[in-house]
Amino acid sequence: MDRGTREELLGRLAAAVGAVTVAHPTRVAVDGPPAAGKTTLADELAVALRAQGRHVIRATIDDFLFPRARRYRRGEFSAEGCYFDAHDYDGLTRVLLDPLGPGGDRHFRPAVYDHATDTTLSAPVATAPADAVLIFDGVFLMRPELNDRWDLRVLVSTELEKTVDRAVIRARRVSSRADVERRWRERYIPAQRLYFATVRPADHADVIVHNDEPQRPVWATRTR
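In this report, we go over the structure that sits alongside the text. None of the values given here were measured: they were computed from a predicted structure.

**A look at the overall build of the protein chain**
So, point 1. Looking only at helices and strands, the protein chain features 8 helices and 11 strands.
So, point 2. Computed over C-alpha atoms, the radius of gyration of the protein chain comes to 17 Å, within 12% of the 17 Å expected from 2.2 N^0.38 for 224 residues, which places it in the range of a compact globule.
So, point 3. Relative to its full complement of 224 residues, the protein chain shows a buried share of 50%.
So, point 4. Long-range pairs, those at least 24 residues apart, make up 72% of the contacts in the protein chain with a sequence separation of at least 6.
So, point 5. Within the structure as shown, the protein chain displays about 10,800 Å² of accessible surface, and the carbon and sulfur contribution to it stands at 49%.
So, point 6. Charged side chains in the protein chain number 34 positive and 32 negative. The centres of these two groups are separated by 1 Å.

**Considering the environment of Pro 144**
So, point 1. As for its position among the elements, Pro 144 is in helix α6 (residues 144-147).
So, point 2. The exposed category is assigned to Pro 144, whose relative accessible area is 64%.

**Examining helix α8 (residues 177-199)**
So, point 1. Under the 1.5 Å per step criterion, the end-to-end length of α8 is 30 Å for 23 residues, consistent within 8% with the ideal 33 Å.
So, point 2. Where α8 bends most, the angle comes to about 40 degrees, and this point is Trp 184.
So, point 3. Listing the buried residues of α8 in full gives Val 180, Arg 183, Trp 184, Arg 187, Tyr 188, Ile 189, Ala 191, Gln 192, Tyr 195 and Val 199.
So, point 4. Buried-residue contacts for α8 involve β2 (26-31), α3 (68-71), α4 (79-84), α6 and α7 (160-170).
So, point 5. A positive phi of about 55 degrees marks Arg 200, the residue just after α8.

**A closer look at the pairing of strand β8 (residues 133-138)**
So, point 1. When you tally the buried positions in β8, you get 6 out of 6 residues, the bulk of the element.
So, point 2. Side chains of β8 alternate between two faces, with Val 133, Ile 135 and Asp 137 and Leu 134, Phe 136 and Gly 138 buried alike.
So, point 3. Bridging between β2 and β8 involves 6 bridges; their strand directions are parallel. When the bridges of β8 are listed, Ala 29 appears paired with Phe 136.
So, point 4. Examined bridge by bridge, strand β3 (residues 56-60) and β8 share 5 bridges and lie parallel to one another. Bridge pairing links Val 56 to Val 133 in β8.

**Details of the sheet that holds strand β10 (residues 207-210)**
So, point 1. Read from one edge of the open sheet, 7 strands run β1-β11-β10-β9-β2-β8-β3, paired in mixed fashion. Looking along the sheet, the strands with just one partner apiece sit at the ends: β1 (2-3) and β3.
So, point 2. Packing against the sheet, helix α5 (residues 89-97) makes contact with β2, β3 and β8, and its axis sits at approximately 165 degrees to β8.

About the criteria used
Residues numbered from 1 in each chain as written. Predicted model: local features only at pLDDT ≥ 70, side-chain atom pairs only at ≥ 80, totals over all residues. Heavy atoms only, no water. Helix = DSSP H or I, 4+ residues; strand = E, 2+ residues; numbered from the N terminus. Rg over C-alpha atoms; globule rule 2.2 N^0.38 Å. Buried < 20%, exposed > 50% of the residue type's maximum accessible area, 1.4 Å probe, protein only. Contact = heavy atoms within 4.5 Å. Areas by Shrake-Rupley, 256 points an atom, 1.4 Å probe, with all protein chains shown as cover. Lys, Arg positive; Asp, Glu negative; His and termini not counted. Charge placed at Lys NZ, Arg CZ, Asp CG, Glu CD. Expected span 1.5 Å × (residues − 1). Bend = angle between axes of the 7 residues up to and from the residue. Pairing = 2+ DSSP bridges. Axes fitted to C-alpha atoms, helices over the stretch in contact; angles between N-to-C directions.

What follows is the structure in structure tokens.
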């Protein structure tokens, strides 16, 4: 394992992206529990890659949700509902991952869900250059229906108890501590434990980032 500054970590990740040799856009997964810091890391990596002249497509699993009626059909606090019902993986592969993958036409949509209206969305089609990089963050990204569609897999790891504290801080203006803790302890954390037990994402990751101290991260790179 290596420990360093945030800038050193981003340099290593950018180098890992640059080392991928494919004839289509490079599809990078930034996986991890809610509030682990994956979205921040993905945003920072996108900035670093753009500074190197790469064309970056930035997308997130939050734009591939099912509407509330479907994702909460087992109950708003159901861990099984979080894992099995929340995300439109067919839509994700159809409009984004497969078009950017081997044999794809590079015509893609970055989202299928409209948060404002809680409805499906038909986003405009864009065309990616062949040397583009997709930086995609989200939960459960190494589950079987997605895992083979990534060209680089980054797992952001944080003690699950730390994610509760971070979530409370993040949501303090819109939710009470009790509401946030209930959602994390009944829905999100048990769903992550189900994911860890069934998928073992650390076994699939190319880079594991231990993000308990974001400014002094620790990371491990796997050679395949």
